[in-house]
Amino acid sequence: MNPGLKIRILSPSEKGASWAIQEKYVDCSTLIDLVHPEFGSLPDQCYIFMHKNDYPSVNGGREALLAALNVPSFVASRTCFELNGYAGCRPVFEEPQQKDPFEEQDATPTLTTCTTWFHYLAKMVRKIDSFQDEHRPHDKEPEYVPEGSKKGYEWFEMSVFTRWDAPGKCRVLCIDTPPDFPERLKDALLKKKKTSLSLPEAAQADPFALHADLLDIMIVYSDISVWRVRDPIRLLEMSRLNGHNLFEQIHDHARHANHSSEVLEAAIQTVEQLGRFQREIHENIAHGHRSGSGSGSRLGRGLTLTYRAQAREYTQFQISLVKSLKLRSDSSLQRLKNEVGLAYNNIARQDSSVMKSIALLTMIFLPATFISALFSTTFFSYGENGSWEVSDELWIYFVTTVPATIAIVFFWWVWLVYGDVIYKWFKGLMFRAWKGATRSVSKTRSRTAQSRIETDMESEVDPAGLRTGATV
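All values reported here derive from a predicted model rather than from experimental measurement.

1. Comments concerning the nonpolar core
Residues Tyr47, Phe118, Phe181, Leu185, Leu214 and Met218 are the most contacted members of the largest nonpolar core, which totals 48 residues. Every element with two or more residues in this core is listed here: strand E3 (45-50), strand E5 (110-125), strand E6 (153-165), strand E7 (169-175), helix H4 (181-191), helix H6 (211-239), helix H7 (247-291) and helix H9 (305-375). With residues near it in sequence (within four places) discarded, Phe181 still touches Phe49, Met158, Leu214, Ile217, Met218 and Tyr221. Counting residues in hydrophobic clusters, the runner-up holds 28 residues, among them Leu5, Val26, Val35 and Leu42.

2. Thoughts on the pairing of E5
Across the 16 residues of E5, 15 count as buried, placing the element largely inside the fold. Sheet topology note: the strand E4 (residues 85-94)/E5 ladder contains 10 bridges and is antiparallel. Paired with Phe93 across the bridge in E5 is Leu111. With 13 bridges connecting them, E5 and E6 associate as antiparallel partners.

3. Thoughts on the state of the cysteines
Think of a disulfide as a covalent bridge from one cysteine sulfur atom to another cysteine sulfur atom. On inspection of all chains with the given rule, the structure shows 0 disulfides. In this model Cys46 remains outside any disulfide bridge; the closest cysteine sulfur is found in Cys170, 8.2 Å from its own.

4. As for the pattern of salt bridges
When charged atoms on two side chains of opposite charge get close, those side chains can pair. This structure, assessed with the given rule, holds 14 salt bridges. The salt bridge partner of Glu23 is Lys6, with a shortest N-O separation of 3.8 Å. Within this pair, whereas Glu23 is found in strand E2 (residues 19-26), its partner Lys6 is found in strand E1 (residues 5-12), the two being separated by 17 residues in sequence. For Glu23, a relative accessible area of 44% puts it in the partly exposed group. Residues Arg228 and Glu143 are paired through a salt bridge, measuring 4.0 Å at the closest nitrogen-oxygen approach. Of this pair, Arg228 sits in helix H6 while Glu143 is found in the loop between E5 and E6, placing the two residues 85 residues apart along the sequence. Judged by relative accessible area, which is 36%, Glu143 ranks as partly exposed.

Calculation rules
- Residues numbered from 1 in each chain as written.
- Predicted model: local features only at pLDDT ≥ 70, side-chain atom pairs only at ≥ 80, totals over all residues.
- Heavy atoms only, no water.
- Core = buried A, V, L, I, M, F, W, Y, C linked by side-chain atoms within 4.5 Å.
- Buried < 20%, exposed > 50% of the residue type's maximum accessible area, 1.4 Å probe, protein only.
- Helix = DSSP H or I, 4+ residues; strand = E, 2+ residues; numbered from the N terminus.
- Contact = heavy atoms within 4.5 Å.
- Pairing = 2+ DSSP bridges.
- Disulfide = S-S within 2.5 Å.
- Salt bridge = Lys/Arg side-chain N within 4 Å of Asp/Glu carboxyl O.

See below:
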């Protein structure tokens, strides 16, 4: 019997002193009710984690689930799920109603709901299997590639959907995260000190309060991903395998490095977009606080100038981290290109060694071949009495061989020095010959055609019968 969709809920305790992970099995309709702010029984602030296999299909309730979080329906499509990255925001404001037309009232809207969604990818390559100290893996993190996987890598296409409702109710739905993501996030939240970025008032007033720790963990996975791509490249540089057996491995490593750089570039744009959304929402809430308009003023009291400045700068710090990882990934790709160049040089060197071996063997056997060929001619023979006889006409051999050798060496030298000039001259000669031949053929065709035209015109002016009569 199918127990339903597995979800893991990370939420604070009643007093807020600790965080706990709870595991549940629910059906799709129950999950929709859970995340809905009006019907759900979840804590005001919580993270919900789902495996991609438990994530409802496009036609199986995904749109309804995201609609409960006020996410656009297009985000539920296969196109968005398979993209490298994106980020979006949908704020809802309560417009103030002016009761007395003659009374001056503040027209500043109040933020009531804010929904954000973004996509963040990480590609995990299998850890290198080496027991030597100098070849050990860079990280001591667990293996994220399944043991029976033949691909040797695993994609984590993390989708995050956040709905914040005033005052301070925030649910974050996380799809396709690594299996230990909830535990990592829990440890980070428990170790977090009481700074201005973690005050309860700020967390209730800021729609982006739960994003900072979430992005920190995602950046950690990106760091692991980049080093998992780098480790086999370093092992490749240390081992220096035979060049002919190297290209298949380099191709796989280059593919992983390209994917890593690609998704990191998308991650930079995603975090930058989230930073822009955060800045605009913070400015709006702060403006409502200055104008003293209702719930906007209550929210603004949590978002002090210090909090807004630190939140903005921390987002910029996260962006710089992802950019640094992008540079490291690009460096791995460049190192692979250097390995390809080195492999080609090694192959050329091996080919040069083979040619030298062939030349050496030729020099060893060439004198013997020449002498045996010379002695096998009729210029040398054994007499009837077993004596060695040399023909008086042996000079003919040297008279023909020496000039022929000189001529061949001379022509070789001429071609070596003036080969390009000779080739261009011969090419021009052939072109002119071809052009002349085609011109003569075209002239002959034109003359034949003109003759036929003249004959046809004469036939039209002088019918055959008249010409015959005149002749008679």
